[in-house]
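# Chain and residue survey
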Amino acid sequence: MSDGPDEQRIAAVAADPRYARLVARRAKIGWLLSAIIFFAFVGYLLLIAFDKALLGMPVGLGVTSIGIPVGLGLILLAIALTGVYVAYANRHHDARMAALLIDHGFQDRVA
């Protein structure tokens, strides 16, 4: 059984060196952002493990400890890094992928 036209075009896209570069760059950005959040989280865990007193210190004269805003900062960092990835994908990846698909005859699949 022979490949249909879609399978042939998909194979052509997969073989295109521009696609390989695009996938490699996307993976590199993904790994970099994952490493940032990983090391931030590990740093937070190390603070919990080795300096509980620091995280337990109150903020100002209130009852909230330093650990609460630091933990909140970690959550906000994860949200911000997600935003960075989405902005990068919208600005660079999606446009290049659309151009690549159009070059290989997938005009009807590009939004």
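Refer to the preceding data block for the structure.
Residues numbered from 1 in each chain as written. Predicted model: local features only at pLDDT ≥ 70, side-chain atom pairs only at ≥ 80, totals over all residues. Heavy atoms only, no water.

### Some details on the overall build of the protein chain
A tally of regular secondary structure across the protein chain gives four helices and zero strands. In sequence order, the protein chain lays out its α and β elements as α-α-α-α. By the compact-globule yardstick of 13 Å for 111 residues, the protein chain is too spread out, its C-alpha radius of gyration being 22 Å. Burial statistics for the protein chain: of 111 residues in total, 16% are counted as buried. For the protein chain, restricting intrachain contacts to residue pairs at least 6 apart in sequence, the fraction spanning at least 24 positions comes to 64%. On the protein chain, roughly 7900 Å² of surface is accessible, and the fraction owed to carbon and sulfur atoms is 70%. Across the protein chain, the 10 positively charged side chains and the 8 negatively charged ones have centroids separated by 10 Å. (Helix = DSSP H or I, 4+ residues; strand = E, 2+ residues; numbered from the N terminus. Rg over C-alpha atoms; globule rule 2.2 N^0.38 Å. Buried < 20%, exposed > 50% of the residue type's maximum accessible area, 1.4 Å probe, protein only. Contact = heavy atoms within 4.5 Å. Areas by Shrake-Rupley, 256 points an atom, 1.4 Å probe, with all protein chains shown as cover. Lys, Arg positive; Asp, Glu negative; His and termini not counted. Charge placed at Lys NZ, Arg CZ, Asp CG, Glu CD.)

### Comments concerning the side chain of Asp16
Relative to the helices and strands, Asp16 is located in the loop between helix H1 (5-15) and helix H2 (17-50). Polar contacts involving the side chain of Asp16 include one to the side chain of His104, which spans 2.8 Å. Apart from the residues lying within four places of it in its own chain, the contact partners of Asp16 are Leu100 and His104. (Polar contact = N/O pair within 3.5 Å; in protein donor to acceptor, adjacent residues only side chain to side chain.)

### A word on H2
For H2, with 34 residues, the first-to-last C-alpha span of 48 Å sits near the 50 Å given by 1.5 Å per residue. Turning to H2, the residues buried within the fold contact helix H3 (52-56) and helix H4 (67-103). You can read the cap of H2 off the contacts: a side-chain oxygen lies 2.8 Å from the backbone nitrogen of Arg18, and it is on Asp16. (Expected span 1.5 Å × (residues − 1).)

### Comments concerning the nonpolar core
Among the nonpolar cores identified, the biggest contains six residues, and these are Val13, Leu22, Met97, Leu100, Leu101 and Phe106. Looking at this core element by element, the count peaks at three residues for H4. (Core = buried A, V, L, I, M, F, W, Y, C linked by side-chain atoms within 4.5 Å.)

### Some points on the pattern of salt bridges
In this structure the tally under the stated criterion is two salt bridges. Between Asp16 and Arg18 there is a salt bridge; the shortest N-O distance is 2.9 Å. Classification of Asp16 by relative accessible area gives buried; the value is 10%. For Arg18, a relative accessible area of 35% puts it in the partly exposed group. Across the salt bridge formed by Asp103 and Arg18, the nearest N and O atoms sit 2.7 Å from each other. Of this pair, Asp103 sits in helix H4 while Arg18 sits in helix H2, and the two are 85 residues apart along the sequence. Through salt bridges with shared partners, a single network forms among Asp16, Arg18 and Asp103. (Salt bridge = Lys/Arg side-chain N within 4 Å of Asp/Glu carboxyl O.)

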